[in-house]
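Each chain, written out:
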Amino acid sequence: MKTIEELKTRIKELSKQAVELRQKASEMYLTNQEQAKQLRQQAREASKRCQVLIQELKRQQV
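Residues numbered from 1 in each chain as written. Predicted model: local features only at pLDDT ≥ 70, side-chain atom pairs only at ≥ 80, totals over all residues. Heavy atoms only, no water.

Visitor: What am I meant to see in the pattern of salt bridges here?
Guide: Side chains that differ in sign of charge can pair as their charged atoms come close. A full pass over the atoms with the stated rule returns 2 salt bridges. With a closest N to O distance of 3.2 Å, R10 and E13 form a salt bridge. With R10 and E13 both in helix α1 (residues 4-28) and 3 residues apart, this pair spans about one turn of that helix. Exposure remark for R10: the relative accessible area of 31% places this residue in the partly exposed category. Residue class for E13 comes out partly exposed when judged on its relative accessible area of 42%. (Salt bridge = Lys/Arg side-chain N within 4 Å of Asp/Glu carboxyl O. Helix = DSSP H or I, 4+ residues; strand = E, 2+ residues; numbered from the N terminus. Buried < 20%, exposed > 50% of the residue type's maximum accessible area, 1.4 Å probe, protein only.)

Quick look at the structure:
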């Protein structure tokens, strides 16, 4: 189990990663739709992991 600070740090990292992947996908969409699709999928996965960590953080803070 991770500490609260480790969870917060990882949540920030994953959130930032998801945003960057979405931006890259948007930029790339007109030139390479398949790669943009893959980047959007990676962004969704990062967001899901982030949500799991947020739930874990909430459980630890109760």
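Visitor: Can you walk me through the packing of α1 against helix α2 (residues 33-61) in this structure?
Guide: Axis angle and axis distance: for two packed helices, these are the angle between their axes and the distance between the axes, and together they describe the pair. Direction vectors running N to C along α1 and α2 enclose 160°, while the axes themselves pass 8 Å from each other. Relative to α2, the element α1 is oriented roughly antiparallel. The handedness of the crossing between α1 and α2 comes out as left-handed. (Axes fitted to C-alpha atoms, helices over the stretch in contact; angles between N-to-C directions. Parallel < 35°, antiparallel > 145°, perpendicular 65-115°, else oblique. Left-handed = near helix turned anticlockwise from the far one by under 90°.)

Visitor: Explanation requested: a positive patch on the surface in the structure shown.
Guide: Together, R22, K37, R40, R44 and K48 make up a region of like positive charge exposed at the surface. The leading source of residues in the positive patch is α2, at 4 residues. Positionally, K48 belongs in helix α2. On the basis of relative accessible area, K48 is assigned to the exposed category, the value being 56%. (Patch = residues over 30% accessible without salt bridge, like charges linked within 9 Å, V, L, I, M, F, W, Y side chains within 5 Å. Areas by Shrake-Rupley, 256 points an atom, 1.4 Å probe, with all protein chains shown as cover. Lys, Arg positive; Asp, Glu negative; His and termini not counted. Charge placed at Lys NZ, Arg CZ, Asp CG, Glu CD.)

On their own, these measurements won't tell you what the molecule is for.
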